[in-house]
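# Remarks on the overall topology
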Amino acid sequence: MAKLFLGIDSSTQSISAVVIDCDRRKVVYDKSLNFDQALPQYKTQNGVLPNRNPLVKHSSPLMWAEALDLLFSEMKKDGVALGNILAISGSGQQHGSVYLNDQAAGVLANLNPKKSLVENLKGVFSRKTSPIWMDSSTAAECAEIRKKLGGIKATATATGSDTFERFTGPQIRKFYKTEPKAYAQTASIALVSSFMASLLAGKIAPIDHGDGAGMNLMDIQKKVWHPDALAATAPDLRKKLPPLAESWKVVGPVSPYFVKKSGVNPHAQTIAWSGDNPCSVIGLGLIKAGMVAISLGTSDTYFGSMKHCQTDAHGEGHVFGSPTGDYMTLICFKNGSLAREKIRDAYGIKDWKKFGAALTATKPGGNGGILLPWFDAEIVPRVNKPGIHRFDLDAKDAAANCRAIVEGQMMSMRLHSQWMKVAPDCIYATGGASDNVPLLQVMADVMNCRVLRIEVAKSAALGAALRAAHGWLVQAGEKSKWENVVADFTAPIPNSEIRPNPKAAKVYDQLIEKYARCEREALKRLSEKS
Ligand code: XUL
């Protein structure tokens with residue numbers, strides 16, 4: 001019998017399934033359902049419910065449940081050998097929360113397969129909609145919680161991140177302040193991940209350390225609920241939160257609902273779900289400290305892994321639990337591809353190939369020119385007033401500006417990941433711009449580290465499937481080294497390795513000091529102006 005594991009990704013816009021065969025080391029099934037298209041009755045736009053207030057972004061937990069039903073019926077229709085699935089885990093969009101009343105546990109334990117999940121779940125919510133990660137309506141609550149915890153550094157040290165509007169704690173506080181009755185009727189608060197795991201297992205599932213760290217409620221060092229953070233957020237909160245658990249925790253066998261309805265193996269175990277970023281870390285194969293992935297998308301994202309928990313005193317980067325039991329970081333630089341594109345277009349450079357040629361034609365470090373690429377308000381470092389800043393750089397020199405923007409972005413990543421105290425020893429590059437070899441050469445030189453390209457379609461769902469395999473092996477008492485679990489599934493593109501040029505790396509060791517000085521100067525100027 002094939003050893004099959006299922007990973008499900010309940011993301012912002014869609015739900016996906018990836019099935020892996022662990023003996024053949026292959027993905028054997030892969031399917032996505034887009035919420036707006038598959039479930040138009042919920043009237044979501046890109047998975048989000050319309051709202052008059054542009055800061056409010058909610059979605060429907062019933063829609064996510066209906067999508068799960070639909071996904072299983074599609075798998076059955078497509079002939080997936082659901083009877084051979086040994087374990088199921090999943091990934092949920094991080095930070096989103098689901099509010100359940102005191103009926104929920106009983107309903108979950110007795111899901112009726114003759115009805116749909118939606119029909120089963122009708123009476124279990126104490127809040128109809130779920131705030132998701134795109135919501136930014138909790139600035140006041142962020143300030144209140146941060147103040148009670150003693151400021152940015154203290155908040156980040158305690159919970160792994162400064163307070164952020166999308167994080168669950170500030171969202172819970174807003175719910176408590178604006179709908180105190182409904183808050184009082186809430187018996188259990190789930191994350192998207194633990195809610196979906198609860199449906200699968202037919203009981204309230206724990207929150208894993210990966211997703212739990214995205215709440216501003218978990219003690220990031222001890223991995224338990226942080227009493228001060230709970231007290232700063234809302235009364236009686238401890239009672240409403242499920243236990244925290246390791247990411248490989250077996251929640252229990254899959255609910256008979258899915259066995260009877262879809263023919264899932266009755267012995268299939270539900271493994272704790274996690275957030276999409278922790279799952280992607282596994283789906284990208286970042287299983288050891290020092291392994292880093294840089295995603296070059298609209299924004300550039302730096303995913304790191306570390307053994308020992310360090311936090312960012314400036315509160316710009318996040319620390320979550322890694323599903324390996326170690327820690328991971330997520331640092332998001334807003335001015336990514338769009339900023340590169342702005343420079344490309346400003347100089348009339350036709351395509352990325354020509355942009356790459358400009359990088360190759362110029363020498364590392366230019367002539368000491370620095371460009372701070374804040375076309376948009378930036379997250380890291382915090383910049384509220386958009387604008388680019390040039391130092392010793394001729395604005396008329398197209399090629400020098402192409403080099404300077406990429407160097408600036410890479411030096412910013414190097415500078416603003418130093419708090420991790422782990423120098424990368426291997427970087428996986430992903431995302432749209434990762435096929436630009438000259439750009440990756442600048443990355444390798446600035447970081448003084450080899451860079452390999454990796455394809456990441458469905459990294460969160462794949463990571464969830466790999467986590468299901470790992471959780472199943474752990475509970476079966478079998479050896480479950482992460483290297484063996486991810487082997488073949490997360491291999492970088494063959495022959496894609498780019499090595500740093502030692503001479504160039506030396507140039508950047510010097511130039512980064514100047515970059516840091518320029519950044520400090522620009523930030524000081526901006527704060528004086530405001
Ligand atoms: C991370 C974050 C997003 C969501 C996307 O903090 O908010 O990456 O996880 O689903």
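What follows deals with the overall build of the protein. The helix and strand tally for the protein stands at 21 helices and 23 strands. For 530 residues, the compact-globule estimate of 2.2 N^0.38 gives 24 Å, and the C-alpha radius of gyration of the protein, at 23 Å, lies within 12% of that figure. Reported as C-alpha extents along the three principal axes, the dimensions of the protein are approximately 70 × 50 × 40 Å. For the protein, long-range pairs separated by at least 24 residues make up 74% of all intrachain contacts whose partners lie at least 6 apart in sequence. On the protein, roughly 21200 Å² of surface is accessible, and the fraction owed to carbon and sulfur atoms is 52%. A gap of 2 Å separates the mean positions of the 65 positive and 50 negative side-chain charges of the protein.

Before going further, it helps to examine the packing of helix α14 (residues 276-283) against helix α19 (residues 459-475). Running from amino to carboxyl end, α14 crosses α19 at an angle of 75 degrees, the nearest separation of the two axes being 7 Å. With respect to α19, the element α14 is oriented roughly perpendicular. In this structure, α14 uses Asp276, Cys279, Ser280, Ile282 and Gly283 to contact α19, whose residues at the interface are Ser459, Ala460, Leu462, Gly463, Ala464, Leu466 and Arg467. Split by residue class, the contact of α14 with α19 holds 6 nonpolar, 4 polar and 2 charged.

Moving on, we get to the site of the ligand. The immediate surroundings of the ligand are formed by Gln93, Gln94, His95, Trp133, Arg166, Asp276 and Asn277. Here an oxygen atom of the ligand sits 2.7 Å away from a polar atom, N or O, in the side chain of Arg166. Separating an oxygen atom of the ligand from a side-chain N or O atom of Asp276 is a distance of 2.4 Å. Taking 290 Å² as the accessible area of the ligand by itself, protein coverage stands at 86%. When the residues that make up the shell around the ligand are grouped by side-chain class, the tally is 1 nonpolar, 4 polar and 2 charged.

Below, the discussion takes up helix α17 (residues 398-415). Relative to the 26 Å expected for 18 residues at 1.5 Å per residue, α17 spans 25 Å between its end C-alpha atoms, a close match to the ideal helical length. Of all the 18 residues making up α17, 16 are buried; the element is thus mostly covered by neighbouring parts of the structure. The backbone nitrogen of Ala399 has a side-chain oxygen 3.4 Å away, supplied by the residue at the start of α17, namely Asp397.

Turning to the nonpolar core, a few remarks are in order. Among the nonpolar cores identified, the biggest contains 117 residues, and Phe5, Ile20, Leu217, Ile294, Tyr302 and Met443 are the most heavily contacted of them. If you count residues domain by domain, this core takes at least three from each of domain 1 (4-280) and domain 2 (337-452 + 500-529). In this view, Met443 contacts Ile294, Leu296, Met410, Ile427, Ala429, Asn448 and Val451; residues no more than four positions away in its chain are not counted. Residues Val19, Leu33, Met63 and Val251 belong to the second largest nonpolar core, which totals 53 residues.

Extensive coverage of strand β22 (residues 426-430) is indicated by the burial of 5 of its 5 residues. A two-sided burial pattern is seen for β22, the buried positions comprising Cys426, Tyr428 and Thr430 on one face and Ile427 and Ala429 on the other. Here β22 pairs with strand β23 (residues 451-453) via 3 bridges, running parallel. Along β23, the bridge assignment pairs Ile427 with Val451. Traced from β22 through helix α18 (residues 437-447) to β23, the parallel crossover comes out right-handed.

Before going further, it helps to spend a moment on the domain arrangement of the protein. Domain boundaries assigned for the protein yield domain 1 (4-280) and domain 2 (337-452 + 500-529). Between the C-alpha centres of domain 1 and domain 2 the distance comes to 37 Å.

Inspection of the secondary structure puts Ser188 in strand β8 (residues 188-191). The exposure class assigned to Ser188 is buried, which follows from its relative accessible area of 10%. With near-sequence residues (within four places) excluded, Ser188 lies in contact with Val98, Tyr99, Leu100, Ile204 and Lys240.

The subject of this paragraph is helix α6 (residues 152-159). Taken together, the buried positions of α6 are occupied by Thr155, Ala156, Ala158 and Thr159. All buried residues of α6 fall inside an arc of 165 degrees around its axis, so they share one side. Turning to α6, the residues buried within the fold contact α5 (139-149), β10 (218-219) and α11 (227-233). Positive backbone phi, at 95 degrees, marks Gly160, one or two positions downstream of α6.

A word on the sheet that holds strand β17 (residues 300-306). Taken in spatial order, the 6 strands line up as β18-β19-β17-β16-β22-β23 in an open sheet, and their pairing is mixed. Of all the strands in the sheet, just β18 (318-321) and β23 have a single pairing partner and so form its edges. Taking the axes of each pair of neighbouring strands and ignoring which way they run, one obtains an average angle of 25 degrees across the sheet. Here α18 sits on the sheet in contact with β16 (291-296), β17, β22 and β23, set at roughly 140 degrees to β16.

Inspection of the entire model under this criterion finds 22 salt bridges. Ionic pairing is found between Glu144 and Lys177, a salt bridge with its closest N-O pair at 3.1 Å. Placement of Glu144 in helix α5 and of Lys177 in helix α7 (residues 168-178) is noted, with a sequence separation of 33 residues between them. Judged by its relative accessible area of 36%, Lys177 is partly exposed. Here Asp392 ties to Lys514 by a salt bridge, and the two come within 2.5 Å at their closest N and O atoms. Highlighted residues: Asp392 in the loop between β21 (387-391) and α17 and Lys514 in helix α21 (residues 502-529), separated in sequence by 122 residues. Among the ionic contacts, a cluster of salt bridges with common partners joins Lys31, Glu74, Lys77 and Asp78.

Basis of the calculations
Residues numbered from 1 in each chain as written. Predicted model: local features only at pLDDT ≥ 70, side-chain atom pairs only at ≥ 80, totals over all residues. Heavy atoms only, no water. Helix = DSSP H or I, 4+ residues; strand = E, 2+ residues; numbered from the N terminus. Rg over C-alpha atoms; globule rule 2.2 N^0.38 Å. Contact = heavy atoms within 4.5 Å. Areas by Shrake-Rupley, 256 points an atom, 1.4 Å probe, with all protein chains shown as cover. Lys, Arg positive; Asp, Glu negative; His and termini not counted. Charge placed at Lys NZ, Arg CZ, Asp CG, Glu CD. Axes fitted to C-alpha atoms, helices over the stretch in contact; angles between N-to-C directions. Parallel < 35°, antiparallel > 145°, perpendicular 65-115°, else oblique. Nonpolar A, V, L, I, M, F, W, Y, C, P; charged D, E, K, R; others polar. Near = heavy atom within 4 Å. Polar contact = N/O pair within 3.5 Å; in protein donor to acceptor, adjacent residues only side chain to side chain. Expected span 1.5 Å × (residues − 1). Buried < 20%, exposed > 50% of the residue type's maximum accessible area, 1.4 Å probe, protein only. Core = buried A, V, L, I, M, F, W, Y, C linked by side-chain atoms within 4.5 Å. Domains from an automatic or database assignment. Pairing = 2+ DSSP bridges. Right-handed = clockwise from strand over helix to strand, strands pointing away. Arc of directions from axis to C-beta. Salt bridge = Lys/Arg side-chain N within 4 Å of Asp/Glu carboxyl O.

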